[in-house]
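Structural overview for review
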Amino acid sequence: MKSKLHIFTAGIIRENPLLVLMIGLCSSLGITTSVFSGIAMGISMTFVLLMSELIISIFRNIIPNDVRIPTFIIVIAAFTTIVQLVIQAYLPDLYASIGLFIALIVVNCIIMGRVEAFSSKQPPINALFDGLGMGIGYTIVLVLISAIREVLGNGAFWGIEFIPETYRIGFFVTPPGGFFVFGLLIAVNAGLKRILEKKPQTAY
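In short, a report on the structure. Treat the numbers as computed from the prediction; the structure is a model and nothing was measured.

Parameters and conventions
- Residues numbered from 1 in each chain as written.
- Predicted model: local features only at pLDDT ≥ 70, side-chain atom pairs only at ≥ 80, totals over all residues.
- Heavy atoms only, no water.
- Axes fitted to C-alpha atoms, helices over the stretch in contact; angles between N-to-C directions.
- Helix = DSSP H or I, 4+ residues; strand = E, 2+ residues; numbered from the N terminus.
- Left-handed = near helix turned anticlockwise from the far one by under 90°.
- Contact = heavy atoms within 4.5 Å.
- Nonpolar A, V, L, I, M, F, W, Y, C, P; charged D, E, K, R; others polar.
- Core = buried A, V, L, I, M, F, W, Y, C linked by side-chain atoms within 4.5 Å.
- Buried < 20%, exposed > 50% of the residue type's maximum accessible area, 1.4 Å probe, protein only.
- Salt bridge = Lys/Arg side-chain N within 4 Å of Asp/Glu carboxyl O.
- Expected span 1.5 Å × (residues − 1).
- Parallel < 35°, antiparallel > 145°, perpendicular 65-115°, else oblique.

Quick look at the packing of helix 3 (residues 35-58) against helix 4 (residues 68-90) now. Between two packed helices, what matters for the description is the angle formed by their axes and the separation of those axes. Between helix 3 and helix 4, the least distance of the axes is 9 Å, while the angle of their chain directions is 145°. You can see that helix 3 and helix 4 cross each other, and the crossing is right-handed. On helix 4, the residues that touch Ser44, Phe47, Val48, Met51, Ser52, Ile55 and Ile56 of helix 3 are Phe72, Val75, Ile76, Phe79, Thr80, Ile82, Val83 and Ile87. Considering only residue class, the contact of helix 3 with helix 4 consists of 12 nonpolar, 3 polar and no charged.

Structure representation (structure tokens):
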């Protein structure tokens, strides 16, 4: 169980796909101007990542090496299409704002990287823990970036405005503002990693 917990927590801090591996940044910074969009994108990515890793892990021993990458893309595209159609049918306003980025999940480096580097070589239970941990880590970062940018840039949280326009900092809703917040979170995560990895001093 300890090894499973290690796999799960890796995606949250030690190998966070955004703050440590720094992959999948385009969609992350593109939709993080509102918390609702950040949560929706995080859940969508987690679902596709989790299901893709599970399916590929189950069939890892029978997928021919010559068609490995095309097979991965087909599996990822299938689950991405499911998410896209569900959001388009039940949340049309959300789809209008982030629909383009949902479609791009198919070629997102996070999912392709994990299915190639991890689930294609690991048993299904490990793939599940990895997909869930990576998805949660990704979602946490999206929500944090979205909350900071929405509050400081739009003076709102979850669409509810509470800061007068005079006191808002428009810089945070621009692309440079997104990179600025992202850089701050990278620094915080690096500090947390250093604290967690620091060994206690032995007293003599």
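Back to the write-up after that little detour.
As a further point, take the nonpolar core. Membership of the largest hydrophobic core comes to 34 residues, with the highest contact counts inside it found for Leu18, Met41, Val48, Ile102, Ile105, Ile111 and Tyr138. Of all the elements in the fold, those that place two or more residues in this core are helix 3, helix 4, helix 5 (92-103), helix 6 (109-119), helix 7 (124-154) and helix 8 (175-197). Those residues within four positions of tyrosine 138 in sequence are excluded, and the remaining contacts are Asn16, Pro17, Leu18, Ser27, Ser28, Met41, Gly42, Met45 and Ile110.

Turning to the pattern of salt bridges, a few remarks are in order. Evaluated as defined, the whole model comprises 3 salt bridges. A salt bridge links arginine 68 to glutamate 116; the nearest nitrogen and oxygen atoms lie 2.9 Å apart. A residue pair is termed long-range when its members are at least 10 positions apart, and arginine 68 in helix 4 and glutamate 116 in helix 6 qualify at 48 residues. Of the charged contacts in the structure, one is a salt bridge between arginine 168 and glutamate 161, with a shortest N-O distance of 3.0 Å. The class of glutamate 161 is exposed, set by a relative accessible area of 56%.

Attention now goes to the environment of glycine 177. Position of glycine 177 among the secondary structure elements: in helix 8. Measuring from C-alpha to C-alpha, the distance between glycine 177 and glycine 133 comes to 27 Å, with 44 residues separating the pair along the chain. For glycine 177, the residues in contact, after removing those within four places along its chain, are Arg149, Phe171 and Phe172.

So, about the side chain of serine 44. If you trace the backbone, serine 44 turns up in helix 3. The residues contacting serine 44, other than those within four sequence positions of it, are Val83, Ile87, Ile102 and Ile105.

Look at helix 4: 34 Å from first C-alpha to last across 23 residues, which is about the 33 Å you get at 1.5 Å a residue. Burial in helix 4 covers these residues: Phe72, Val75, Ile76, Phe79, Thr80, Val83, Gln84 and Ile87. Where helix 4 is buried, its residues meet helix 3, helix 5 and helix 6.

Running from N to C, helix 7 and helix 8 cross one another at 125°; their axes reach a closest spacing of 10 Å. Considering the angle they form, helix 7 stands oblique to helix 8. By crossing handedness, the relation of helix 7 to helix 8 is classed as right-handed. Facing Val141, Leu144, Ile145, Ile148 and Arg149 of helix 7, the residues of helix 8 in contact are Pro175, Gly177, Gly178, Val181, Phe182 and Leu185. Along the lines of polarity and charge, the residues of the contact of helix 7 with helix 8 split into 8 nonpolar, 2 polar and 1 charged.

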